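Given next are the chains, with one letter for each unit.
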Amino acid sequence: MNLTSSFFFIFTLIIFYTAYKFSTLQSKQTNLVFYVHDHFTGDHSTASTVAGKTGPASSILNFGTVAIVDDPVTEGPNIDSALIGRAQGMYINSQLDGKGLYMVFSVIFTTGEFKGSSLEIQGSDIFTMKEREFGVVSGTGYFRT
Amino acid sequence: MNLTSSFFFIFTLIIFYTAYKFSTLQSKQTNLVFYVHDHFTGDHSTASTVAGKTGPASSILNFGTVAIVDDPVTEGPNIDSALIGRAQGMYINSQLDGKGLYMVFSVIFTTGEFKGSSLEIQGSDIFTMKEREFGVVSGTGYFRT
Amino acid sequence: MNLTSSFFFIFTLIIFYTAYKFSTLQSKQTNLVFYVHDHFTGDHSTASTVAGKTGPASSILNFGTVAIVDDPVTEGPNIDSALIGRAQGMYINSQLDGKGLYMVFSVIFTTGEFKGSSLEIQGSDIFTMKEREFGVVSGTGYFRT
């Protein structure tokens, strides 16, 4: 049995984070808008399922599946707009009915105003909620507190 | 070989978080008491092992095993008391002797005073310690800072 | 097929965190220097790969691989210097070219000044950067905010 050969990508998910508010300890506030492009299939694929109830080939739509991501972060909603960084970390399907992801990742800014800085983001993405809110749990560089 | 068929639940763990203190940046303090019911077996099972040294069937009692959870959160210690939310995320056995878990998860409040809010929680649960303390790393909604 | 028998350790990685700054909400600042010894092979091995594109045997040098760690934390850079705690959690290879890790872990102090306290740490470790910075997202005990 070759586990590698049974691995495949399963769906395309595009997430846009908008109007990020990041309050520092000094009550300084920075409004950030950036876009994370998360593709599980196709030429732009930047996410891989690596664990789940049925191993690495588990579907990200099923409870228990773990995916690792290295998603492009852009200035605008179009994937062809300026690339300003990467979102690196992990997505987990952690809702029993499969309709929610739990995410832990870094947004690493590689160009532009925030180059060299990063944000640590953590939170749930419940598919049935129209708007989702994530916790920004820490920052480095420009966002250091 | 069917990885699914070799998957099984291994033990029942019940964790009660009590008297959570959450200090916001404005020094506001909220004392929260809630109960997370975490069952690896039986009718109430809400946790699945998905990775480990021996794949998805690894025991949560062994170093390296990863479990995904979607646990009910209730107002009282009894599982039949009012359901106020879910605890969604990941438990990892990250102690070489198997006697400790590292946890990263969201508590998502679905009803009651904190409906629509969530807490991001991170920390170690060493079995040999009588009391365990977790870091509340971020909050949204009511708990937003 | 026995997944266990195909599991092996793949490389030796030694990481030193120096000059940790931890600003509390009260603007108190503690400068911490401690050393995390992370060995994937040999007698001191304290890390295991548990998931990845090709299952638990995936190389930590490949995108998607997940490793669980229980690393000794010492006062000095030498592994024989005083043991002050453990670093327990998870490392993920989350860079498409394999040259970066995303880490989420607790530093649990077991002896010395900070005994009983812990720090929650999160962030990316990009191999090509000479210095790496992690977010300290929360603390308990001495580091409680």
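Because the structure is predicted, anything quoted here is derived from the model rather than measured.

**Quick word on the overall build of chain A**
- The number of helices and strands found in chain A is zero helices and nine strands.
- Reading chain A from its N end, one meets helices and strands in the order β-β-β-β-β-β-β-β-β.
- With 145 residues in all, chain A has 59% of them scored as buried.
- Sequence separation of at least 24 residues holds for 45% of the intrachain contacts in chain A that already meet a minimum separation of 6.

**A short note on the pairing of strand E4 (residues 47–51) of chain C**
Residue and element names in this part refer to chain C.
- Of all the five residues making up E4, five are buried; the element is thus mostly covered by neighbouring parts of the structure.
- Inspection of the sheet shows E4 paired to strand E5 (residues 66–74) by four bridges, in the antiparallel sense. Bridge assignment links Ala-47 to a residue of E5, and that residue is Val-69.

**What about the confidence of the model for chain A?**
Residues and elements named next belong to chain A.
- Model confidence for chain A is summarised by a mean pLDDT of 74, while 66% of its residues fall at 70 or above.
- When pLDDT is averaged over each helix and strand of chain A, the minimum, 39, is found for strand E1 (residues 20–23) and the maximum, 94, for strand E4 (residues 47–51).
- Contacts from residues 1–28, a stretch scored under 50 in pLDDT, to residues over four places away or in other chains number 97 contacts.
- Taken over the whole predicted complex, pTM reads 0.80, whereas the ipTM for its chain interfaces reads 0.77.

**Comments concerning the packing of aromatic side chains**
Residue and element names in this part refer to chain C.
- Here the structure, examined in full by the defined rule, presents six aromatic pairs over all chains.
- Measuring from centroid to centroid gives 6.2 Å for Tyr-91 and Phe-105, while their planes differ by 70 degrees, and the two rings are edge-to-face. Of this pair, Tyr-91 sits in strand E6 (residues 83–93) while Phe-105 is found in strand E7 (residues 100–109), placing the two residues 14 residues apart along the sequence. No difference in accessibility class separates Tyr-91 from Phe-105, as the two residues are buried.

**A word on the nonpolar core**
- By size, the foremost hydrophobic cluster in this structure holds 27 residues, and its most contacted members are Val66(A), Val66(B) and Val66(C).
- Those residues in contact with Val66(C) that lie beyond four places of it in its chain are Val50(A), Ile68(A), Ser48(C), Thr49(C), Val50(C), Ala51(C), Met90(C), Tyr91(C) and Ile92(C).

**Overview of the pattern of salt bridges**
Residues and elements named next belong to chain A.
- A full pass over the atoms with the stated rule returns three salt bridges over all chains.
- Asp-70 is the salt-bridge partner of Arg-86, the closest N and O atoms lying 2.9 Å from each other. With a gap of 16 residues between them, Arg-86 in strand E6 (residues 83–93) and Asp-70 in strand E5 (residues 66–74) connect regions that are remote in the sequence.
- Of the residues examined, Asp-70 reaches a relative accessible area of 3% and is grouped as buried.

**A closer look at the pairing of strand E6 (residues 100–109) of chain B**
Residue and element names in this part refer to chain B.
- Counting buried positions over the 10 residues of E6 gives 10, a clear majority of the element.
- Judged by which residues are buried, E6 turns out to be covered on both faces: Gly-100, Tyr-102, Val-104, Ser-106 and Ile-108 on one side and Leu-101, Met-103, Phe-105, Val-107 and Phe-109 on the other are all buried.
- Bridging between strand E5 (residues 83–93) and E6 involves nine bridges; their strand directions are antiparallel. Among the inter-strand pairings, Asn-93 is bridged to a residue of E6, identified as Leu-101.
- Hairpin connection from E5 to E6: six residues lie between these consecutive antiparallel strands, with Gly-98 at a positive phi of about 85 degrees.

**Considering the environment of Ser118(B)**
All names here are of chain B.
- Along the polypeptide, Ser-118 turns up in strand E7 (residues 118–126).
- Residue Ser-118 is classed as buried on the basis of its relative accessible area, which comes to 10%.
- Residues Ser-118 and Ile-108, spaced 10 residues apart in sequence, show a C-alpha to C-alpha distance of 4.5 Å.

**Re the environment of Met129(A)**
- Within the secondary structure layout, Met129(A) lies in the loop between strand E8 (118–126) and strand E9 (135–140).
- As for Met129(A) and Ser45(A), which are separated by 84 residues in sequence, their C-alpha atoms are 25 Å apart.

Calculation notes
- Residues numbered from 1 in each chain as written.
- Chains lettered and ligands numbered in written order.
- Predicted model: local features only at pLDDT ≥ 70, side-chain atom pairs only at ≥ 80, totals over all residues.
- Heavy atoms only, no water.
- Helix = DSSP H or I, 4+ residues; strand = E, 2+ residues; numbered from the N terminus.
- Buried < 20%, exposed > 50% of the residue type's maximum accessible area, 1.4 Å probe, protein only.
- Contact = heavy atoms within 4.5 Å.
- Pairing = 2+ DSSP bridges.
- pLDDT = per-residue confidence, 0-100.
- Phe/Tyr/Trp six-rings, centres within 6.5 Å; stacked < 30°, edge-to-face > 60°.
- Core = buried A, V, L, I, M, F, W, Y, C linked by side-chain atoms within 4.5 Å.
- Salt bridge = Lys/Arg side-chain N within 4 Å of Asp/Glu carboxyl O.

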